[in-house]
Amino acid sequence: MAHYRRDITYSALDNELTPPLARSAENTNTPTMITLDQEHDDTTNVIIHKVPQTKGGWTHIKDLDSFFTRMYRYYVRGGFYPMIMSDFFYLLQFIFIVWFSTFLIHCVDYPRLFRNDPKANRSEKLSLSDVIFPTSVCVSYISWTWWCLITLCSIIWLMRLAISFYHLFYAYDTKLFYNNALKIKECDLAWINWSTIQERVREAQAEHHMCVHKQEINELDIYHRILRFNNYMVAMVNKNLLPLQIQVPCIGDFHYLSRGLKWNLEFLLFYSPWSPWENCWQLRTAYKDHSKRMLLAKQLERQIVLLALVNLVLSPLIQAWQILYFFFNYAELVKRSPGSLGLRTWSLYARVTLRHFNELEHELQDRLNRAHKPATKYLASFNSPITTVIAKNIVFLSASVLGVLVVLSVYDEDVLTVEHVLTIITILGCVLAGARALIGEEERLGGACTGPARGEELLVQVLGHVHYLPAAWRGRAHTKDVAAHFQHLFQFRAIYILYELLSPLLCPIVLLSIRTRALDIVDFYRNFTVTVLGIGDVCSFAQLDIRRHGHPDWQTPGKCGDKGSNTQYNQGEGGKTELSLVAFSCRHPGWMPAEPTQRHFLRSLRQSMHHAIPNQNGLNKTMLGSYIQQSIFGTNTPLPAVLSYYQQQRQHYRLPEMDEMSDEEEAGVSRSSVGLAGAGSALGASVMGLEAPPELPDEARDMSVSTLHLYDLHLSQAQTQNVSACCTNNCSERNRGETRWESGESTPLLHRP
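Residues numbered from 1 in each chain as written. Predicted model: local features only at pLDDT ≥ 70, side-chain atom pairs only at ≥ 80, totals over all residues. Heavy atoms only, no water.

### Here we look at the overall build of the chain
At step 1: Along its length, the chain carries 30 helices and eight strands.
At step 2: Burial analysis of the chain (753 residues in total) assigns 46% to the buried set.
At step 3: Sequence separation of 24 or more characterises 74% of the internal contacts of the chain that already satisfy a separation of 6 or more.
At step 4: Carbon together with sulfur atoms contributes 59% to the accessible area of the chain, which is approximately 37,900 Å² in total. (Helix = DSSP H or I, 4+ residues; strand = E, 2+ residues; numbered from the N terminus. Buried < 20%, exposed > 50% of the residue type's maximum accessible area, 1.4 Å probe, protein only. Contact = heavy atoms within 4.5 Å. Areas by Shrake-Rupley, 256 points an atom, 1.4 Å probe, with all protein chains shown as cover.)

### Regarding the environment of Leu715
At step 1: The residue Leu715 is located in helix H30 (residues 698-720) in this model.
At step 2: By relative accessible area, Leu715 is classed as buried at 12%.
At step 3: Residues Leu715 and Asp553, spaced 162 residues apart in sequence, show a C-alpha to C-alpha distance of 8.2 Å.

### Remarks on the packing of aromatic side chains
At step 1: For the structure on display, the rule yields 43 aromatic pairs.
At step 2: Between the aromatic rings of Phe80 and Tyr172, the centroid separation amounts to 5.9 Å while the plane-to-plane angle is 70°, which identifies the pairing as edge-to-face. Here the residue Phe80 occupies a position in helix H3 (residues 80-106), and Tyr172 occupies one in helix H7 (residues 144-181), the gap between them amounting to 92 residues.
At step 3: Of the residues examined, Tyr172 reaches a relative accessible area of 42% and is grouped as partly exposed.
At step 4: Three or more aromatic residues joined by ring pairs form one cluster here, namely Phe229, Tyr232, Phe270, Tyr271, Trp277, Tyr287 and Tyr525.
At step 5: Residue placement shows Arg344 over the ring face of Phe492; its charged tip is 3.8 Å from the ring centre.
At step 6: Over the ring of Tyr468 we find Lys576; its NZ or CZ atom is 4.0 Å from the centre of that ring. (Phe/Tyr/Trp six-rings, centres within 6.5 Å; stacked < 30°, edge-to-face > 60°. Lys NZ or Arg CZ within 6 Å of the ring centre and 35° of its normal.)

### Regarding helix H19 (residues 480-489)
At step 1: Of all the positions in H19, only Val482, Ala483, Phe486 and Leu489 are classed as buried. When H19 is viewed along its axis, its buried side chains cluster within an angular range of 100° and face the same direction. (Arc of directions from axis to C-beta.)

### As for the environment of Lys392
At step 1: Tracing the sequence through the fold places Lys392 in helix H15 (residues 385-411).
At step 2: Residue classification places Lys392 among the partly exposed positions, given a relative accessible area of 39%.

### Looking at the nonpolar core
At step 1: With 126 residues, the main nonpolar core has Tyr178, Trp194, Ile197, Trp346, Phe486 and Tyr525 as its most contacted residues.
At step 2: Residues within four places of Ile197 in sequence aside, it is in contact with Tyr75, Tyr178, Leu182, Ile184, Leu189 and Ile192. (Core = buried A, V, L, I, M, F, W, Y, C linked by side-chain atoms within 4.5 Å.)

### Comments concerning the environment of Arg293
At step 1: Looking at the secondary structure, you find Arg293 in helix H12 (residues 293-336).
At step 2: Residue Arg293 is classed as buried on the basis of its relative accessible area of 2%.
At step 3: Once the C-alpha coordinates of Arg293 and Ile521 are considered, the two residues, 228 residues apart in sequence, prove to be 9.8 Å apart.

### Looking at the pattern of salt bridges
At step 1: In total, this model carries 20 salt bridges according to the counting rule given.
At step 2: Note that Arg228 is salt-bridged to Asp65, the shortest N-O span being 2.6 Å. Here the residue Arg228 occupies a position in helix H10 (residues 228-238), and Asp65 occupies one in helix H2 (residues 64-76), the gap between them amounting to 163 residues. Accessibility assignment for this pair places Arg228 and Asp65 in one class, buried.
At step 3: Arg259 serves as the salt-bridge partner of Glu500, at 3.7 Å between the closest nitrogen and oxygen. In this pair, Glu500 sits in helix H20 (residues 493-501) while Arg259 sits in helix H11 (residues 259-271), placing the two residues 241 residues apart along the sequence.
At step 4: Among the ionic contacts, a cluster of salt bridges with common partners joins Glu359, Glu363, Arg367 and Arg587. (Salt bridge = Lys/Arg side-chain N within 4 Å of Asp/Glu carboxyl O.)

### Concerning unusual backbone geometry
At step 1: Positive phi values are uncommon outside glycine, yet His209 reaches one of about 55°.
At step 2: Mapped onto the secondary structure, His209 falls in the loop between helix H8 (194-208) and helix H9 (219-226).
At step 3: The phi angle at His467 is positive, at roughly 75°, despite the residue not being glycine.
At step 4: Within the secondary structure layout, His467 lies in the loop between helix H18 (451-466) and H19.
At step 5: Note on His467: relative accessible area 2%, which makes it buried.

### A word on H3
At step 1: Given a rise of 1.5 Å per residue, 27 residues ought to cover 39 Å, and the 40 Å separating the end C-alpha atoms of H3 matches this to within 8%.
At step 2: Of the residues making up H3, those classed as buried are Phe80, Met83, Asp87, Leu91, Phe94, Ile97, Val98, Ser101, Thr102, Phe103 and His106. (Expected span 1.5 Å × (residues − 1).)

### Observations concerning the packing of H15 against helix H16 (residues 421-438)
At step 1: Here H15 crosses H16 at 150°, and the two axes come no closer than 8 Å. In this view, H15 runs roughly antiparallel relative to H16, as classed from their interaxial angle. The interaxial crossing formed by H15 with H16 has left-handed handedness. Packed against H15, whose contacting residues are Thr387, Thr388, Ala391, Ile394, Val395, Ser398, Ala399, Val401, Leu402, Leu405 and Ser409, the element H16 presents Ile424, Ile425, Leu428, Gly429, Val431, Leu432, Ala435, Arg436 and Leu438 at the interface.
At step 2: Here the contact of H15 with H16 is built from residues that sort into 14 nonpolar, five polar and one charged. (Axes fitted to C-alpha atoms, helices over the stretch in contact; angles between N-to-C directions. Parallel < 35°, antiparallel > 145°, perpendicular 65-115°, else oblique. Left-handed = near helix turned anticlockwise from the far one by under 90°. Nonpolar A, V, L, I, M, F, W, Y, C, P; charged D, E, K, R; others polar.)

### Some points on the pairing of strand S8 (residues 536-539)
At step 1: Inspection of the sheet shows strand S7 (residues 529-532) paired to S8 by four bridges, in the antiparallel sense. Note on S8: the bridge partner recorded for Val532 is Gly536.
At step 2: Counting the residues between successive antiparallel strands, the hairpin from S7 to S8 contains three residues, one of them, Gly534, with a positive phi of roughly 80°. (Pairing = 2+ DSSP bridges.)

### A short note on the confidence of the model for the chain
At step 1: Of the residues in the chain, 71% reach a pLDDT of 70 or more, and the chain-wide mean stands at 75.
At step 2: Here residues 445-449 is a poorly scored stretch, pLDDT under 50, and it has five contacts once near neighbours within four places are set aside; other chains count.
At step 3: Under a pLDDT of 50 for its full length, residues 632-674 has, in the predicted model, 86 contacts with residues more than four places off or in other chains. (pLDDT = per-residue confidence, 0-100.)

### Observations regarding the side chain of Glu578
At step 1: Looking at where Glu578 falls in the secondary structure, it is placed in helix H24 (residues 576-587).
At step 2: Judged by its relative accessible area of 0%, Glu578 is buried.
At step 3: Beyond its immediate chain neighbours, meaning those up to four positions away, Glu578 contacts Ile546, Gly550, His551, Trp554, Gln555, Phe601 and Leu710.

### Concerning a nonpolar patch on the surface
At step 1: Residues Leu152, Ile156, Leu306, Val310, Val313, Leu314, Leu317 and Ile318 make up a contiguous nonpolar surface patch of roughly 650 Å² in combined accessible area.
At step 2: Mapped onto the nonpolar patch, the elements with two or more residues apiece are H7 and H12.
At step 3: The greatest single-element share of the nonpolar patch, amounting to six residues, is contributed by H12.
At step 4: Inspection of the secondary structure assignment puts Leu152 in helix H7.
At step 5: Classification of Leu152 as partly exposed rests on a relative accessible area of 37%. (Patch = residues over 30% accessible without salt bridge, like charges linked within 9 Å, V, L, I, M, F, W, Y side chains within 5 Å.)

Here it is as structure tokens:
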């Protein structure tokens with residue numbers, strides 16, 4: 001497969017006297033890409049890209065961000081007709097909620113329904129017409145305040161209808177693009193993976209020239225377009241720039257991020273008319289100017305306060321809507337399966353924290369789904385014996401009474417007509433399901449508790465899929481402190497619903513706390529925004545530049561630069577840059593990194609992984625060895641049997657030495673020699689002569705093996721330097737003794753050179 005390298009205008013916009021584009025233009029050895037709508041008098045070193053005019057309606061697309069985003073949503077949502085039906089039923093659902101709420105409040109004769117009148121004949125059988133008011137009477141009972149709410153809901157519904165028609169127009173255009181340009185029919189969409197669609201898009205670029213600034217586009221270009229704003233959000237959370245924490249008296253601090261709060265943050269930072277972005281691909285020029293940082297910070301602070309006040313004023317309406325929405329969504333589920341509220345789900349904060357740079361939503365969801373089972377087992381190992389004993393007795397008592405009532409109801413259905421019998425049966429069913437949720441799965445099956453040792457193994461399995469957990473948890477997985485922190489990421493569904501219901505009340509509080517970070521946000525945009533040719537302004541962390549944003553403790557020693565070549569101000573926390581590069585390389589085997597440091601890092605990591613399996617009894621002392629033992633041999637296989645099996649296998653597979661290659665020679669090396677695709681298979685097959693676990697796809701296994709090996713490297717280097725494995729300094733820490741609004745940047749987010 002041919003490999004493409006692109007010229008990147010890559011320079012942090014930090015107090016630059018010469019703009020990056022001007023600097024690249026001064027370099028006469030670098031060709032300048034221009035379009036036909038730009039006039040250029042100098043014909044030396046200029047590549048003129050002529051755009052064909054007979055290639056359909058997808059030539060020279062101005063807003064490629066929106067186009068690629070619609071293309072991705074079309075794939076995720078299953079095509080044109082599922083998208084239209086989803087929007088149509090959403091509109092019907094909106095009408096139903098408003099109508100049904102009005103009906104329940106104003107059109108039902110509750111005194112007669114509950115027979116509260118002392119003169120009511122309790123033996124009389126009531127019909128629906130007896131307890132429902134006529135239409136004229138019902139309308140007359142509606143107050144003027146409720147009519148105002150109906151009017152407001154009607155306006156919102158009409159706005160949503162207009163947006164649906166807007167989406168309908170572009171969804172049909174996307175359908176034509178899939179059918180004609182990509183040669184993919186909607187009926188075949190469910191059987192095609194995302195990598196195939198990317199290949200088709202890259203082939204279509206050569207024919208339709210969707211991006212006029214570049215002849216070819218690669219996978220990273222597409223991801224930059226779709227995830228431009230998501231990468232900024234992930235970077236801000238990674239550097240602890242957004243204080244997504246709430247302190248509750250007698251409980252302590254906990255991380256909080258709801259859908260409403262996430263929408264407010266995205267609206268404030270990316271989508272609002274006064275946001276820092278001039279359009280979808282270009283940051284406002286003022287945010288790149290150091291001299292205007294104080295003025296922009298004041299403006300952003302006022303915008304945050306205004307948005308918090310709007311949320312506070314609308315909180316009663318939003319709260320009522322949240323209650324109705326979740327009641328209508330979960331009432332039937334709770335009735336059918338009350339224990340479902342005791343199941344666990346990944347919090348929204350975890351979805352942002354555990355997300356790689358340049359990772360699409362479905363890719364993140366796949367990782368979290370694979371980690372769900374070991375994460376559930378890990379937290380289940382901390383079930384209190386007292387709680388288990390009490391829950392078992394509650395199950396016994398509830399099941400006994402419920403069983404008797406059910407048997408009597410089967411024998412004679414008139415038992416259900418006895419007052420409160422049906423209510424008792426319903427309550428006992430809920431209590432029974434809730435008590436069973438408190439009993440661990442292994443306890444219900446008659447097994448024993450997993451115990452601390454099993455907890456360590458389970459946390460390694462979780463880490464192999466989620467990729468981001470504090471390295472200081474190694475060896476402490478059996479402690480309650482680690483389990484309590486992990487519960488913030490992997491919470492009960494009931495807690496998730498509670499957080500969403502409290503969102504209208506907590507959003508203004510969190511937004512006001514973000515007001516103190518206005519200057520930090522302005523500095524972050526300027527210092528971590530780069531301009532990429534043909535892409536626009538992107539977050540510099542999303543470039544996966546190991547040289548600038550990598551951490552030496554997360555790299556193989558002596559391969560990617562000196563320890564002092566980078567500062568923590570620029571480094572991704574928790575190995576974010578390295579792990580994101582590894583994940584992107586595993587998912588896209590044909591992608592060739594543009595930077596030499598990226599290629600050196602991937603190649604050296606692949607080599608070190610093949611030498612990571614020791615011949616002594618220390619196999620399970622590393623997370624990588626523990627993962628291999630669990631996934632290939634099973635958790636119950638004794639370690640001596642594993643080691644004796646290794647000794648009977650053929651010699652280890654050795655990679656050819658490629659560290660001394662020049663950049664020209666690297667361009668001709670096959671991708672399999674540079675990246676990590678197949679590394680997990682090599683460890684399981686080439687190295688050990690074993691078949692790989694069939695339940696995991698190749699890319700997932702490669703990412704898991706690479707992640708655990710990186711954590712082992714990080715722990716070994718951190719221990720030799722006597723440095724804590726958890727990063728304690730981040731973007732949230734300024735010098736508290738200094739004034740926030742000092743002129744200049746003498747109090748940066750972190751100490752800088």
